[in-house]
Amino acid sequence: MSAPPLLEVRNLHIDMRSGQERLNVVENVSFSIGAGETFGLVGESGCGKSITALSLIGLLNRPLAVGQGEILFKGQNLLKMNGSELRRLRGNRISMIFQEPMTALNPLATVGRQIAEMFVLHQGSTWHEAERKAIAALAQVQVPAPDKRIKNYPHQMSGGMRQRVMIAIALACHPDLLIADEPTTALDVTVQAEILKLMQELCDQRGTSVLMISHDLGVIAKMCQRVGIMYAGHLVEERAVADLFRRPAHPYTHGLLASLPVLGQRKLNERKPLQEIEGIVPSIAAFPTGCRFEPRCTRASPICRDAVPGPSVLGDYSFVRCYHHG
Amino acid sequence: MASQTQPLLQIENLSVCFPVSAGLFRRSHQAVRAINNLSLSLHKNQCLSIVGESGCGKSTLALTILGLQHPTHGSISFDGKPITGAAQPGRMQRARMAQMVFQDPYASLNPRQTIHAALAGPLRLHGLRNKGEVEDRIATTLKMVGLKPEQAKRYPHEFSGGQRQRIGIARALILDPKVIVLDEPVSALDVSIRAQIINLLLDLKERLDLSYIMISHDLSVVEHMSDRVAVMYFGQIVEEGPWQSIFANPVHPYTRRLLAAIPDPFTIIRQEDITRKDMQPPPLSGFSYYPEEIGTHDVYQSPPPTEFLTVGDDHKVRFIAR
Amino acid sequence: MYKRFVLQSTLAAVLLAGVAMSASAEEPRKGGTINFVAPYGSSFGTLDNQASPATQDEFVTKAIHRRLYAWDGNANKPVLDLATDVSASADRLTYTFKLRQDAFFHNDKKMTADDIIDSYKRIMTPGKAYTGARYIGAIKGASDYSDGKAKDIAGLKKIDDFTLEITFNEPVNPAFQLMQPSTVIYPSGEADKDSFKSHPIGLGPYKFAEYIPGSRLTVEKWDKFYGADKPHADKINIMIMGEASARDVAFRNKEVDVSVLGPAQYVAYKNDPELSKNILEVAEVYTRLVGFNVDFKPFQDKRVRQAINYAIDSDLIIKRLGKDKAYRAVSWLPLSSPAFDKAAKPYPYDPEKAKALLKEAGYPDGFEFELTATQNESWGLTIVEAIIPMLDKVGIKVKAKPVEAAVLSEVVPAGDFQSFMWSLESGPDPMTAMQCFYSKTSQSACNYYKFNNKDFDKLYEAALSAPTEEQKNDLLRQANNLLQDEAPGWFFNYNKAVMAYQPWLHGLQPNSAELAIQSYEQLWVDDGAPSGR
Amino acid sequence: MIPTILAVSLLIFVIFSVIPGSFTSSLIADGKGRNDPKVVEQMNKEFGLDKPVYQRFGSYVVNLVQLDLGQSFRTRQPVTHMLLERAWPTMKLAIAAMTIAILIGVPLGFVAALKPGSLLDAATMIAAVSGLSLPQFWLGLLAMYVFALTLGWLPSFGYGDGGIRNLILPAVTLSVAPLALLARTTRAAVLDVMSADFIRTARSKGMNAYRLVTWHLMRNALVLIITTVGLQFGSLMGQAVVIEKLFSWPGLGSLLVDSVSMRDIPVVQGAILMIVLWFLIINTVVDVLYAVIDPRISHG
Amino acid sequence: MRLRFNLLFGGAICLIILTLGVFAPLFVHHDPILDANLMNAELPPNADFWFGTDSQGRDVFSRVLYGSRVSLTVGIVSQLINSCIGLLFGISAGYIGGRWDEFVSGLTNVMLSIPSLIFALAIMAILGPGLGSLLIALGLTNWSWTCRIARSSALSLKSQGYVQAAKTLGYSDIRIMITQILPNMIGPILVIGTLGMGDAILAEAALSYLGLGIRPPFPSWGSMLTDARELIAVAPWAAIFPGIAIFLTVLGLNLFGDGLRDYLDPHMRTRKA
């Protein structure tokens, strides 16, 4: 990638503040997304990937807040923007899709209105115009009979349909960046496949960059060019997808890939146990001081306990935070 | 496989219907057929997986096997003795036949009970009065699932998701049942924990000579764990057979679709794109696949008569006669 | 029966100076509106006064209706109202009334003898039970009519339009019967129309104008009223205000022209330099007492009953708790009764004597009894609370049993109590009042104490047949003193009714039947009344 | 609705047939005179009180079906007629109180919720809780002393000519509890909706606070608020009993208390039935409103 | 901040009043009932009578303190009865469902549609005034909220994994209701109960006002207030102190209940975590 990236996150820290206490939920995260690129952020629940995503468009709620760092979108620092500037960006240039299509839509408004809102908000359309555009947007996400469907309420639609509506809303203004936070986790596998395909097609068409957040390595592998692995608030490894799956550098990534049951791998009359990552994910209040994976790591040495390892560069936009990587 | 021996659990022509709540405009005698004329058998020390998507009736099937739901038609027998209908045993007897491990480790443990209480309760209920024996049994069970006996004093919220699932497994084992129903046992767990639980379950199966009925939509886990696989679609089994035959040679379009939908992280490494569509075999002559079109189904209508025909070694697929 | 009040001679001078004199000093002003209060409940029972015995409903009766007799408080006796003359037969059974010829109903109809006969017949309507039947029942043939055995009441005879002959079953003074508020005269044929219950028509000085149930009844001046140049005020609003504290605020806020005061307010008003100027006080014919049931063993012993009388410091309760808004009772008959013994002394407060009496009676350590009472600050639980510690000092434990008024008046006549506290009418007729202790009177009638004393019976029977009023009263006086010694109850006090009024209101009668119930035609307001009235 | 009314009428019939004291005994409760047993007997006959309970209930139900609530013992007027006279003042009081409660309580709760944890929020909620913690007759008495007596702004009691001046004090007193409750409910409802996922979606759309509140928050919070309003409207009738007695307000409540103490049973039964009916109607209206607001209900 | 303030402040008020009530004899030097001397009636607050005396010459301070026993008993016991009835009906209706659920829902609707004060008034009229009747009257009339909450929690809890698990482990329905469902709804029931206690104390005052309170001479705040309301111009202290006592107690209970709700509310908790 030679052109300046669309989004660049530098040394992002997110704190949780309650009273005097300050917990580092996300620490020193840096990554960038180029124009038209799909970047994946992988991690287990509580690793800070969703919080990172929310911080990008300024939607963190108390007691969470960005501690330090920079979020550069087209060269502008989002963290320095005021409310109205940020609002003009939100939904318009950067939009977001959430995990639960059940609750992410307003149950008391028609889906048509919820799509049309985008045009009213960002393109100054009249409601009448906006409604027409909403039908088109709904057609683009391959909802059949969109002119009838816009009069539906969310509860009248299936989960997959609702997620299509979410995509229609998110892509309504042709944003530069789409943040998709576990967009298919709540869906059945066959529906998931359709939704992923749809997202991929639409974003490819429009050159929209995507930040894909998921715990499912399969989804990441299918959708992304590059991927960041988060563990307990740290971005431990950032790689091109193919490199990551071929030669995982971080012991956590390594373990994760080894522990997955893989389709077609089982041999007849022989059953190998899966490789396990011992131990449990640490809780936010009890993050280890040094490398946060150290307690579960097979390669750990005393140095790992003392300080967080710095990034070891493995190539363009590729690094790993491990003293014993390889 | 061992089809000549008597199956441990035999489900025959099972149907479960739910009455539709009598709305103002809907006739009340209509019923949703959650399970429709389903037959399955589970052999000793086997893992039978039931695969399907939400709403296909797999959870209802699990509840029916455990006696938490009464069948509308058909019967289930355990070790040759019927456990449904007039002669059905009470909850207490049933408890020693089959137990269940739940999907959500957070909701499946009573937050107001210590682990010890959750495990000791059923033991006492089933007549184990001797305190020492109870403690022994709890300790061994906890050790068996990889927990320390001294952790029994704690409450569920003090455990992580993986540990809770271990507790859930311990609770299922505490009465020494023959069959365990696994309802999506790892889908709610963190990725790095799943392998631990899968290994534990497989290990326990061998050590305790257990038989599993596993409900799942995660085909990679199913492939790893199962001996037999049944694919369920709108209350019916559309394809059933030994795991290797289902995965290597899927016949029914729905099965194939399911397999195709799984995003496989390693396709990229292998640089190969297995398009199973190419291998789609035609239906047996004189038949068409049932249902012909995936995705449309009217749950209020009773389905057309279908036949479950053998297509390979112990491998059956549901067809509809032309 | 009805209430009458009697002026304490000592108070009379002071009070009359304030009220009556200012009234005579000026010529009554015509016009204006008076805001009167009906303080005995939060509604009127009914506008059909023939059906109601309640004091509260008399506020309406007084304004709208007239009876054959009226009570003249000054003379302390009933006087003719709708008749100008009456003559009795020799056997005192038949009375001939010469009726007024200037009385007009509010529908312009002139009153005749037919109206009176029809009114009395309505009160006795077969199948109905109007309260007035208690009094009209004394007329010959009334019960036959009520039972459906006769088409007319035999004792009522119309001589001509303005002459009426009434025959009674027994020799009675018809005045006491026919002055009762439930014997009001309605125009013939009107009363059973549906509209009548919500729009009554009478002969009174004021005609019905508006009624908001539960809030207020408004009457307007009736121009054809027979009273000379009366009534004065154009309009009277009778405000229903049962809540004393709300009444207090309304009075101080000058929204109402009169207020009946409870003990607490009595003190407050007396101590207020402005409010104290306009207060009216009278003694009423009610005796407040705790009655004992002799079915309860300790009360069978006279010494126990006396001990209780000795053990309670009645004067202190009256002074401090009752705020002097009562007169110390000496036995049963009230101060105003002609048979009241002015020389008699109440029981002194003597707890030692009480203890001694209890010891004699075999209760050295006292005993416990239950006292049934309603929530009332003057003759209910408030007083009970005060005697509890007093009786406790002589070893008697009192358990208060609070009940509702409707329950008290059910359990007491039924004998379902150990002791009760009540305020009971004890006048104006001493004979009637003393009947309640006659052994032949049943408990359900009014001998709630099951009082049975041969000496008392002898005195009572002698009084019944006493040839002169004086002798009768003398005998009753002896009987009354005997009652005090026998102590069938603890005689607590006689009520002192107190009414505060606004300075612009004149013509209040300190001598009306019941203080709060005034003859509206005599009231008038001066220019000092708030504007808009 | 009809089973509820039948159950209620059975319940109150049973309760008031075992209640001690009777209409005839209440007639001498003021100590004036004594009951003539003959008149009492005649009265019991006239009112049918001499018949056994089941017979009375039978004829009560038969009459009820014909919308006949019987005749008052006291006034001998049809109960329906008496109730209708009293219903309007009570409705006026309840509606006025509810209007005050809604107009003040809802915005108050809203403002408090927009800045949770702020001083304004704390002050509002403490005030609301305080409002819920006062005995109503006590509050009414204080209001009377302050606004009528000390300040002389308003008449202290009564119905007056039915105008608004007499309505203010009782309505305000009656409104305090529902106002406080509404403020709390609104606050909770708004906070609840604000934490909902779709609000996050709306914010991610780039919506400003005003549009967020007007387009997405209000309607959703309204669903919760309306429930409270409906239930409060019903229970207001109970609380009105105390207020009506205190302020000499000629409503159903004071009629009810009077009739209970006079044991005028037909009126008591009628009044309770009327209150129940009122409650049911209000809640039906609330259900309809729900359906209007919330498509999930109207579409089954 | 608010979260803890409510809980602590409300709890502190309740605790103080409870302590004062339970240990009333230690704090007062006048008997609240028998130590009545009419010569001392209506004294303003002074060194001997801290809150003054009432019209009977009794120490208002000691009556307020002893009155807390009555008010708290009324609050706690009537609410216990309410909770028991509500839980019994609510849990069984939610868990068993079907006809029984319909019946209970109907009953709850009936109870809800008759204003509870009127219902209590009728029950008091039948039983006659007194503490026992008060407890029964208030205990029988206010359970519909508890019942509703219990029913809906039971309905949602019964599909929880651990309830299903208990069934498969052979637990009987009654055992499940007691050991699995009941403990998990204690939180909201406790909140309802705490708030209900305040309502019961206010209802006691209202019933006293309507003439159907506790049996005198035992002091209750409601009856003290009712008795003293006429004295407000003469001896305001006799009315003000019990009024403040009611206000503070109910305020304390309401704050505590609110705090408890906030504390137990998963929303608040997740927002914090």
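Look a little higher up for the structure.
Residues numbered from 1 in each chain as written. Chains lettered and ligands numbered in written order. Predicted model: local features only at pLDDT ≥ 70, side-chain atom pairs only at ≥ 80, totals over all residues. Heavy atoms only, no water.

This next bit is on the pairing of strand S3 (residues 38–42) of chain A. Residue and element names in this part refer to chain A. Within S3, five of the five residues are buried, leaving the element largely enclosed by the surrounding structure. By the alternation rule, side chains of S3 split into Thr38, Gly40 and Val42 and Phe39 and Leu41, which are all buried. Summarising the sheet, S3 and strand S8 (residues 209–214) pair through five bridges and their orientation is parallel. When the sheet's bridge partners are listed, Gly40 is paired in S8 with Met212. (Buried < 20%, exposed > 50% of the residue type's maximum accessible area, 1.4 Å probe, protein only. Helix = DSSP H or I, 4+ residues; strand = E, 2+ residues; numbered from the N terminus. Pairing = 2+ DSSP bridges.)

Attention now goes to the state of the cysteines. Residue and element names in this part refer to chain C. Within the structure shown, the criterion is met by one disulfide over all chains. Linked covalently through their sulfurs, Cys436 and Cys446 form a disulfide whose S-S length is 2.0 Å. The chirality of the disulfide connecting Cys436 with Cys446 is left-handed, given an S-S dihedral of about -105°. Highlighted residues: Cys436 in the loop between helix H16 (430–434) and helix H17 (454–464) and Cys446 in the loop between H16 and H17, separated in sequence by 10 residues. Since its relative accessible area comes to 6%, Cys436 is described here as buried. Judged by its relative accessible area of 3%, Cys446 is buried. (Disulfide = S-S within 2.5 Å.)

Moving on, we come to the interface of chain C and chain D. When the parts of a complex come together, some accessible area is lost, and that lost area is often taken as the interface size. Each side of the interface is counted separately: chain C has 60 residues, and chain D has 50 residues. Across the chain C/chain D interface, buried area totals approximately 4500 Å², and carbon plus sulfur atoms make up 51% of it. Three residues, Ala129(C), Arg134(C) and Val249(C), lead the burial of chain C against chain D; their summed loss comes to 13% of the area buried on that side. Taken together, chain C and chain D are joined by two salt bridges. Two residues, Glu404(C) and Arg263(D), come together in a salt bridge whose shortest N-O distance is 2.7 Å. The residue makeup of the side of chain C that touches chain D, split by class, is 29 nonpolar, 18 polar and 13 charged. (Contact = heavy atoms within 4.5 Å. Buried area = accessible area lost by both parts, 1.4 Å probe. Salt bridge = Lys/Arg side-chain N within 4 Å of Asp/Glu carboxyl O. Nonpolar A, V, L, I, M, F, W, Y, C, P; charged D, E, K, R; others polar.)

Time to look at the arrangement of the chains. The top pair by number of contacts, from a total of seven pairs of chains in contact, is chains C and D. Taking C-alpha atoms as the reference, chain A and chain C come no closer than 46 Å and do not contact one another. Here chain B and chain D are not in contact; the least distance found between their C-alpha atoms is 8 Å.

Another aspect to go through is the side chain of Asn152(A). Residues and elements named next belong to chain A. Its place among the elements puts Asn152 in the loop between helix H5 (146–149) and helix H6 (159–171). Given a relative accessible area of 17%, Asn152 falls into the buried group. Asn152 has contacts with Thr110, Val111 and Met157, leaving out every residue within four places of it along the chain.

Another aspect to go through is the interface of chain D and chain A. Every contact between the two is made by 22 residues of chain D and, on the other side, 32 residues of chain A. Buried area between chain D and chain A, summed over both chains or domains, comes out near 2400 Å², and the portion from carbon and sulfur atoms is 58%. On inspection of chain D and its partner chain A, the count reaches one salt bridge. Where chain D touches chain A, the interface holds 13 residue pairs in polar contact (both at pLDDT 80 or more). Every element with two or more residues in the side of chain D that touches chain A is listed here: helix H9 (197–204), helix H10 (209–246) and helix H13 (295–298) of chain D. The residue inventory of the side of chain D that touches chain A, partitioned by class, reads seven nonpolar, seven polar and eight charged. (Polar contact = N/O pair within 3.5 Å; in protein donor to acceptor, adjacent residues only side chain to side chain.)

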